[in-house]
Amino acid sequence: MHGPARRQLGVRRAGADVVSLLQLQDVTRTVLPPDQPALTILSGVDLTVEPGDRISIVGRSGSGKSTLLNILGLLDLPTSGTLTFADRPVKSYSGGERDRVRGARIGFVFQQFNLLPGRTALENVAMPLLYATGRQFWRRRSLAAEMLEAVGLGHRLESLPDRLSGGEQQRVAIARSLVRGPSLILADEPTGALDLDTGQSVMELIDEVATRTGAALVTITHDPAIARRARDHFRLDRGVLTPVADPALSVSGVES
Amino acid sequence: MTGALTGFVGAVLEAWQELRVHRTRVLLSLVGVAVAVCSLTTVVALGAIVQQANQELSERSSGRPASLYLSAYRSDGAAVDTEKMDAVWSETLARYDISYASRVIQSTQLVPFATGGVMVGVQAVDQPYGEMHRVRMSEGAWFTPADTEQLAPRLIVNEVFYDRMGRPDLATHPTVALGGQSVAGSASGEAAGGTTAVVVGVTPAASWETEPSMFMLAGQLLALQSATAGEAGATTTDPFGGGGGGGGSVQYEMWVPPEISDQLTGIVQRDVQAALGDGATADVFRQDYAQYGDDPFLVTKLVVGGIAVLVLLLGALGLVNIALVTVKQRVREIGIRRSFGATAGRVFFAVMMESVVATIAAGALGVVAAILIVQSPWVHDLVGQGTVTDFPPFPVDAALLGLLAATVVGALAGLLPALVAVRVKVIDAIRY
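These figures come from a predicted structure and were not determined experimentally. (Residues numbered from 1 in each chain as written. Chains lettered and ligands numbered in written order. Predicted model: local features only at pLDDT ≥ 70, side-chain atom pairs only at ≥ 80, totals over all residues. Heavy atoms only, no water.)

Asks: Can you walk me through the packing of aromatic side chains in this structure?
Replies: The relation between two aromatic rings is expressed through the spacing of the ring centres and the mutual angle of the planes. Applying the stated rule across the entire model yields 11 aromatic pairs over all chains. Each ring, one from B:Trp89 and one from B:Tyr252, has its centre 4.9 Å from the other, and the planes form 50°; the classification is tilted. Of this pair, B:Trp89 sits in helix H3 (residues 82-95) while B:Tyr252 is found in strand E9 (residues 250-255), placing the two residues 163 residues apart along the sequence. Comparing B:Trp89 with B:Tyr252, the two get one shared label, buried. Measuring from centroid to centroid gives 5.8 Å for B:Tyr129 and B:Phe215, while their planes differ by 50°, and the two rings are tilted. Placement of B:Tyr129 in helix H4 (residues 129-132) and of B:Phe215 in strand E8 (residues 213-217) is noted, with a sequence separation of 86 residues between them. Residue classification places B:Phe215 among the buried positions, given a relative accessible area of 12%. One aromatic cluster in this structure is built from B:Tyr129, B:Trp142, B:Phe143 and B:Phe215. Its end group placed over the ring of A:Phe137, A:Arg140 keeps NZ or CZ at 4.6 Å from the ring centre. (Phe/Tyr/Trp six-rings, centres within 6.5 Å; stacked < 30°, edge-to-face > 60°. Helix = DSSP H or I, 4+ residues; strand = E, 2+ residues; numbered from the N terminus. Buried < 20%, exposed > 50% of the residue type's maximum accessible area, 1.4 Å probe, protein only. Lys NZ or Arg CZ within 6 Å of the ring centre and 35° of its normal.)

Asks: Would you mind showing me how to read the side chain of B:Thr41 here?
Replies: Residues and elements named next belong to chain B. Counting through the fold element by element, Thr 41 comes out in helix H2 (residues 23-62). Within the local environment of Thr 41, its side chain forms a polar contact with the backbone oxygen of Val 37, the two atoms lying 2.7 Å apart. Residues in contact with Thr 41, not counting those within four places in the same chain, are Val 367, Ala 370, Phe 394, Ala 398, Ala 399 and Gly 402. (Polar contact = N/O pair within 3.5 Å; in protein donor to acceptor, adjacent residues only side chain to side chain. Contact = heavy atoms within 4.5 Å.)

Asks: I keep staring at the interface of chain B and chain A and nothing clicks. Help me out?
Replies: Bring the parts together and some accessible area is lost; that lost area is often taken as the interface size. Across the boundary between the two partners, chain B contributes 27 residues, which contact 34 residues of chain A. For the pairing of chain B and chain A, the buried interface totals around 2,700 Å² over both sides, and the portion due to carbon and sulfur atoms is 59%. Along the contact surface separating chain B from chain A lie three salt bridges. The partner of B:Glu333 in a salt bridge is A:Arg119, and the shortest N-O contact between them spans 3.3 Å. Between the two partners, chain B and chain A, sit nine residue pairs in polar contact (both at pLDDT 80 or more). Taken together, the elements giving at least two residues each to the side of chain B that touches chain A come down to helix H1 (2-21), helix H10 (331-339), helix H11 (344-374) and helix H14 (426-431) of chain B. With 11 residues, the single largest contributor to the side of chain B that touches chain A is H1(B). Considered class by class, the residues forming the side of chain B that touches chain A number 11 nonpolar, seven polar and nine charged. (Buried area = accessible area lost by both parts, 1.4 Å probe. Salt bridge = Lys/Arg side-chain N within 4 Å of Asp/Glu carboxyl O. Nonpolar A, V, L, I, M, F, W, Y, C, P; charged D, E, K, R; others polar.)

Asks: What exactly am I supposed to notice about the UniProt feature "transmembrane region" (unreviewed entry) in chain B here?
Replies: Residue and element names in this part refer to chain B. When the UniProt feature table is mapped onto this chain, "transmembrane region" (unreviewed entry) is found at residues 26-50, 302-327, 347-378 and 398-422. Segment residues 302-327 splits into 100% helix and 0% strand. End C-alpha atoms: 36 Å apart. Structurally, residues 398-422 is divided into 100% helix and 0% strand, and its ends, taken at the C-alpha atoms, are 35 Å apart. (UniProt positions renumbered as here; feature names shortened; annotations may be inferred.)

Asks: When you look at the sheet that holds strand E6 (residues 106-109) of chain A in this model, what are you seeing that I'm missing?
Replies: For sheets, the rule is that strands pair by backbone hydrogen bonds, running either parallel or antiparallel. Residue and element names in this part refer to chain A. Here six strands make up an open sheet; going across it, the order is E6-E7-E8-E3-E9-E10 and the pairing mixed. Of all the strands in the sheet, the pair left with one neighbour each is E6 and strand E10 (240-244). Between one strand axis and the next, the sheet turns through 20° on average, direction left out of account. Pairing analysis gives four bridges linking E6 to strand E7 (residues 184-188), with the strands arranged parallel. Bridge pairing in E7 places Val 109 opposite Ala 187. Helix-sheet contacts for helix H3 (residues 95-105) involve E6 and E7, and the interaxial angle to E6 is about 70°. (Pairing = 2+ DSSP bridges. Axes fitted to C-alpha atoms, helices over the stretch in contact; angles between N-to-C directions.)

Dropping the structure here:
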């Protein structure tokens, strides 16, 4: 039932004949806690992400954000419904293939930055390239240095995470998520641990690099101001994903 | 192909980074492994060295497997006629084509050293004895078959004897005047009829050996003794009865393949018994260290091995303990890596690799420490107790076993944390 709504949003690129990047159709995810009836975390979720999309998903904790993020990031599979990545059903991928596709095509930005402690900014940004092959693998240090330059941290290559400010850490994390040139950036509360100004500048950076590389950006947040930066807005409430016109309304709607 | 290469290099690099970042924890956990491997290697190496030393010692005293000894005695208590016995012996050897056989005669000879005459113990043997008892030489060489043809007796002396001679160069064919039997009334060592013997070799002396001793060929000793006895006016034909100090008995010894030794024991005993006739009893018995079953050192090996395995088990438990605790602390990091494209197999391999790389390094350190311990002079004294003159080198098996044990322990200790690492729920790990 949410499908047609999404289709209407997609109309503005009608005729461009774009391949959809990620598509969820009637996706349901249930878990089976021991000795209890099945628990539905997501039900009937429809979502299409196309290259260059800017999507925000707003939801309270417990609304199924983690599970949705797991599925969007190919870290979990739906219980029912279809999930396709680059027009191929994700079910047909083997576990290793899913991991490799995730590494090559999806970049994560987390609320807690999640840099590896004890490693320099350069090593952190080079880390995803350890899972690449060929030129990306062998030239990982220079690629990582270039990416850190691009986020304005060319002078902090050898700094350890605990020597960097929150904004700098998140910029390292952004450099890390982009270093393999992903076509989808999944940002999970990217400004949650930053002050307002830093959060704004980090979001500008993410927007800018996503625009420059043509990557789609899916932001999961509870902050309407951050959500408003996206073009398409969704609300996740008790496992149901609904398109909304204004994320601010959706939040108040949830909280009411 | 390139994927496999980058995958392997990447995993090793990851493991290395991990070790570098957590170097304190790694060092602490590895001390246990290094100590365990060091103990294991030391115990195994010492065991092997003690065993080898024991075996060499046994072989030198009672021969290699299987050594058969022949003895004969008369029921009236008199000695069996030596010439007859020798004839029977030669005949038996020829009949069964036994090439490794030797007579062994314990006797003494008066040797005039610069400090005065000394009665020196002589072990007179046949030429194959050197091979049969693995006699080691520190200088020169064991008797050759040609030596038996020489008129001047050939001597192989021990280091004590050689020192008292003033350590002359063997290439100059140094000679010793043998005084023959200790003849009553002879003032110096030089009794009438003394013979000039040539020293052709030197055997090492154990640290407790303070007296000179020497080997002679049995034929040359017997010839010397009968000549001396003749000069001294003795009338007896028994070469051992003539001189007072030269008293000794002949032992007959054969080195035969162990698988036919039992059969041969019966046959030789029957033949010799028949040749000697009534009134004499022949006895053939086996005396080498291997006579009581397959491996007389089995108990030692089992005890030593058991201790070593226990030591290693303790080391492995400590390692598993630390590895499990740290992998729990690293759940977040593993989640991060998974979200950036690390496959489950890669995470498993990297965690495992970390453990293996670290334990191999610790194992190598342990082996080096073990080599230093085992090869130290203090340990040599303790283990050798003066009886082992030529210490066997550090057993390569023990070193390899130490490294192998370290690798296996690393893999086993890495297995559990690696399994834990693979089961990490990625987003849960990152968002907690």
